[in-house]
Amino acid sequence: MKRNLMMAFESSCDETSVAIIENGAKILSNVVATQIKSHKRFGGVVPEVASRHHIEEITICIRDAMQEANVTYDDLDAVAVTYGPGLVGALLIGVTAAKMVAWAHQLPLIPVNHLAGHIYAARFVEPIEFPALALVVSGGHTELVYMPKEGEFQIIGETRDDAAGEAYDKVGRVMGINYPAGPTVDAMAAKGNDTFDFPRAMDKDANYDFSFSGLKSAFINTYHHAEQVGNKLNHDDLATSFQNAVVDVLVDKTLRALKNYPVKQLILAGGVAANNGLRTRLSAAIDQLPATQLIMAPRKLCGDNAAMIGAAGYVLFKEGHFAGLDLNADPSLEFDWAPDVIQ
Amino acid sequence: MKVLALDASNRPLSIAVLEDRQILATTTTTTHQKHAQFLLPIIDGLMKDCGLKPADLDRVVVAYGPGSYTGIRIATATAKVLAFTLGIQLVGVSSLQTLALNFTRERQLISPMFDARNQNLFAGLYRIKDGKPTVVIPDQHVELSRWLTKLASYKDESIIGVGDADHFPDQLPANFTMAENLNKLPQAANLGLFGQTLPAVQDIDSFVPNYLRLTKAEADWQKLHPEEDSSSYVEKV
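Residues numbered from 1 in each chain as written. Chains lettered and ligands numbered in written order. Predicted model: local features only at pLDDT ≥ 70, side-chain atom pairs only at ≥ 80, totals over all residues. Heavy atoms only, no water.

Participant: Any chance you could break down the packing of helix H8 (residues 235-260) of chain A against helix H9 (residues 276-286) of chain A for me, citing the residues and the numbers?
Facilitator: All names here are of chain A. The interhelical angle for the contact between H8 and H9, taken along N-to-C directions, is 35°, at an axis separation of 10 Å. Considering only the axes of H8 and H9, their crossing is right-handed. Between H8 and H9, the residues in contact are Gln243, Val247, Asp248, Leu250, Val251, Thr254, Leu255 and Leu258 and Gly277, Leu278, Arg281, Leu282, Ala285 and Ile286, respectively. Residue classes in the contact of H8 with H9 are distributed as nine nonpolar, three polar and two charged. (Axes fitted to C-alpha atoms, helices over the stretch in contact; angles between N-to-C directions. Helix = DSSP H or I, 4+ residues; strand = E, 2+ residues; numbered from the N terminus. Left-handed = near helix turned anticlockwise from the far one by under 90°. Contact = heavy atoms within 4.5 Å. Nonpolar A, V, L, I, M, F, W, Y, C, P; charged D, E, K, R; others polar.)

Participant: An account of unusual backbone geometry is requested, with residue identities and associated values reported.
Facilitator: Put simply, phenylalanine 130 of chain A and proline 131 of chain A share a cis peptide bond, and its omega is 0°. Locating proline 131 of chain A in the fold gives a position in the loop between helix H4 (114-120) and strand E6 (132-137). Note the cis peptide between glycine 65 of chain B and proline 66 of chain B, where omega equals 5°. As for its position among the elements, proline 66 of chain B is in the loop between strand E4 (59-63) and helix H2 (69-86). For asparagine 70 of chain A, which is not a glycine, the phi torsion comes out positive at approximately 55°. Relative to the helices and strands, asparagine 70 of chain A resides in the loop between helix H2 (47-69) and strand E4 (78-84). Given the relative accessible area of 66%, asparagine 70 of chain A is considered exposed. Positive phi is not limited to glycine here, since methionine 202 of chain A has a value of about 60°. Along the chain, the position of methionine 202 of chain A falls in the loop between helix H6 (182-189) and helix H7 (213-228). Classification of methionine 202 of chain A as buried rests on a relative accessible area of 15%. (Buried < 20%, exposed > 50% of the residue type's maximum accessible area, 1.4 Å probe, protein only.)

Participant: Give a detailed account of H2 of chain A, specifying residues and quantitative values.
Facilitator: All names here are of chain A. Across its 23 residues, H2 extends 31 Å between first and last C-alpha, which sits within 8% of the 33 Å expected from 1.5 Å per residue. In the structure, H2 departs most strongly from a straight axis at glutamate 57, where the bend amounts to approximately 40°. In terms of residue burial, H2 counts as a mostly covered element, since 17 of its 23 residues are buried. One or two steps after H2, the chain reaches asparagine 70, where phi turns positive at roughly 55°. (Expected span 1.5 Å × (residues − 1). Bend = angle between axes of the 7 residues up to and from the residue.)

Participant: Hey, could you go over H2 of chain B for me, with residue numbers and the actual values?
Facilitator: Residue and element names in this part refer to chain B. Along its 18 residues, H2 runs 25 Å from first to last C-alpha, staying within 8% of the 26 Å computed at 1.5 Å per residue. Where burial is concerned, most of H2 is hidden: 15 out of the 18 residues are buried. One or two residues past the end of H2 sits glycine 87, with phi positive at roughly 65°.

Participant: Describe the interface of chain A and chain B, listing the residues and the values that go with them.
Facilitator: Contact residues are listed per partner, giving 41 residues for chain A and 38 residues for chain B. When chain A packs against chain B, the two sides together hide about 3800 Å² of surface, and 67% of this comes from carbon and sulfur. A per-residue breakdown of the area chain A buries against chain B is headed by Arg41, Arg52 and Trp103 of chain A, which together make up 20% of the total. Scanning the region where chain A abuts chain B turns up five salt bridges. For arginine 73 of chain B, the salt bridge is made with glutamate 48 of chain A, and the minimal N-O distance between the two is 2.9 Å. Counting across the chain A and chain B interface gives 14 residue pairs in polar contact (both at pLDDT 80 or more). Taken together, the elements giving at least two residues each to the side of chain A that touches chain B come down to strand E3 (26-34), helix H1 (36-40), H2 and helix H3 (88-104) of chain A. Of the residues in the side of chain A that touches chain B, the class split is 20 nonpolar, ten polar and eleven charged. In the sheet, E3 of chain A pairs with strand E11 (residues 235-236) of chain B via two bridges, with the strands oriented antiparallel. Opposite alanine 33 of chain A, over in E11 of chain B, you have lysine 236 of chain B as the bridge partner. (Buried area = accessible area lost by both parts, 1.4 Å probe. Salt bridge = Lys/Arg side-chain N within 4 Å of Asp/Glu carboxyl O. Polar contact = N/O pair within 3.5 Å; in protein donor to acceptor, adjacent residues only side chain to side chain. Pairing = 2+ DSSP bridges.)

Participant: Any details on the environment of leucine 91 of chain A? Residues and values, ideally.
Facilitator: Residues and elements named next belong to chain A. Checked against the element boundaries, leucine 91 lands in helix H3. Residues leucine 91 and glutamate 10, spaced 81 residues apart in sequence, show a C-alpha to C-alpha distance of 7.7 Å. The contacts of leucine 91, once residues within four sequence positions are left out, are Ser11, Ser12, Thr82, Tyr83, Gly84, Pro85, Gly86, Ala329, Asp330 and Pro331.

Participant: Could you give me a rundown of the sheet that holds E3 of chain A, with the residues and numbers involved?
Facilitator: Spatially, six strands are ordered E5(A)-E4(A)-E1(A)-E2(A)-E3(A)-E11(B) in an open sheet, and the strand pairing comes out mixed. Since the sheet does not close on itself, it has two edges, and those belong to strand E5 (109-113) of chain A together with E11 of chain B, each with one partner. Across the sheet, H2 of chain A is in contact with strand E1 (5-10), strand E2 (15-22) and E3 of chain A together with E11 of chain B; its angle to E2 of chain A comes to roughly 25°. Across the face of the sheet, H3 of chain A comes into contact with E1, E4 and E5 of chain A while running at roughly 160° to E4 of chain A.

Participant: Describe in detail the packing of H3 of chain A against H2 of chain B, supporting the description with residues and values.
Facilitator: Between H3 of chain A and H2 of chain B, whose axes approach to 9 Å, the crossing angle comes to 35°. You can see that H3 of chain A and H2 of chain B cross each other, and the crossing is right-handed. Judged by residue contacts, Leu92, Ile93, Thr96, Ala97, Met100, Val101, Trp103 and Ala104 of chain A of H3 of chain A engage Thr70, Arg73, Ile74, Ala77, Thr78, Val81, Leu82, Thr85 and Leu86 of chain B from H2 of chain B. For the contact of H3 of chain A with H2 of chain B, the residue count by class is twelve nonpolar, four polar and one charged.

Participant: Would you mind going over the pattern of salt bridges in detail, with residue names and values included?
Facilitator: Two side chains with opposite charge may pair up if their charged atoms get near one another. Residues and elements named next belong to chain A. All chains considered together, the criterion is met by 23 salt bridges over all chains. When the shortest N-O distance is used, the salt bridge between arginine 3 and glutamate 22 registers 3.1 Å. On the criterion of sequence distance, the pair formed by arginine 3 in the segment before E1 and glutamate 22 in strand E2 is long-range, its members being 19 residues apart. Given a relative accessible area of 37%, arginine 3 falls into the partly exposed group. Using a relative accessible area of 14% as the deciding quantity, one classes glutamate 22 as buried. The salt bridge partner of lysine 216 is aspartate 162, with a shortest N-O separation of 2.8 Å. Taken together, the residues lysine 216 in helix H7 and aspartate 162 in the loop between strand E8 (154-158) and helix H5 (164-174) connect sequence positions 54 residues apart. Pair check on accessibility: lysine 216 and aspartate 162 agree, each one buried. Residues participating in the shared-partner salt-bridge network are Asp194, Asp197, Arg200, Asp248 and Arg281.

As structure tokens, this is what we get:
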């Protein structure tokens, strides 16, 4: 069988990425140009700045991806692109670039949901078997997604306020850690003790939803109160206490979901899936469930990248799910909720 | 030479396909500002009407700013990636100069302007010389009152106001006349003709919209860190 080669684009936030993927499963190249250094200056992603960087990088990324993969346009079978969710101006650069490459070389254009991409980063570990459940945790999203079969995504629970990664950035800022704070807080958490006993919001509720804004406020109040009375709190202990509260709820809710949704595989994906505390705790928990296999997205593919878009795009390619030339960015794109959430 | 020309700088969207000096097909719409959605279907339709395939193109000419940040970014990304992926020539033309291309009377002064809100403009002053608009005062982001001061030394000549000039009917001096009808709109056909006379961009990778204005975050940062080199904020990982 002739191999399928796909060029994939991702530009939903602050990474410009172009990848060449073979049969949705093998990475021939995955070029990622990150703008973190730029947005660090502002303490977070500034949308207009992000859009400007994307258009500076886009052709460089295409060229590098093709050279690293050693392919020409004649070798390509399709072009896939993230069209949402994300920052609209940022998404538009990837969408426009993908449309022009597809149009210029008469290739099918495949519209990919960014979160489907995150989930399919796990595809590079091994093939996804259905039914499956995905815990997607990032700076913009925290949700449990049930996948009854290939290409079907149903939300069964999500955050009611802040995303987990967002909470990391906010408590990080209070401790003087620059955006993105996740990796630093994770490293500090490994050294401290859980002495603050922060709230585990909604942990006992009979649903699969999350809430992290109360935890964030408790953290900030504790910190500021100590400052006012002249107490210096141990930052490592703060980090451990915060991270334990986040991980406890993520793991508890995921286990609750697995009880009602017996699946072959549990997938951990999204930027916060690179968190060591979460990976360790989830692995230990799943060891108790022999019927469910845990697949964690490779650390290198947890952040935004185009390889994962190529993997998710290949599923749509096989179904013949193509976009028209009028494809637009959809900044608030989301999966549908499951028709009946089993609680 | 087969040329695709496009302008999506503001609400009007204008696209043309040319072969040398002949305008093969052109479309200009003002009905919406969903350029990301409508631009490529219109390009594709015009090209098909002309019996051309994308690979037949030799050059892309784009109005690359100033204008709506999103608009000029969509147009510039479209032209940049198309030229890059087909290995063809790319030419950028000022979006203000593009409007001045609608006028041909020798020595006529033209002041294209875009409303940048709060009594600010993107504006330039052009004079027709040998049939083409040449720069008298370069494009800039400027307060309306400052712009009118700059134009004061031309008070004995007539100036054509085009673009959003009609947003300021009571503030423009008596020597202004407003562009009318088709002349009010950017014409990609004129852009395509003019773009054939210009040298192509040498380094397509570094071709970006001509915003003429820093983002607020960037401007504030530079004020606080005047010594910082801002050239290497994006890293390949």
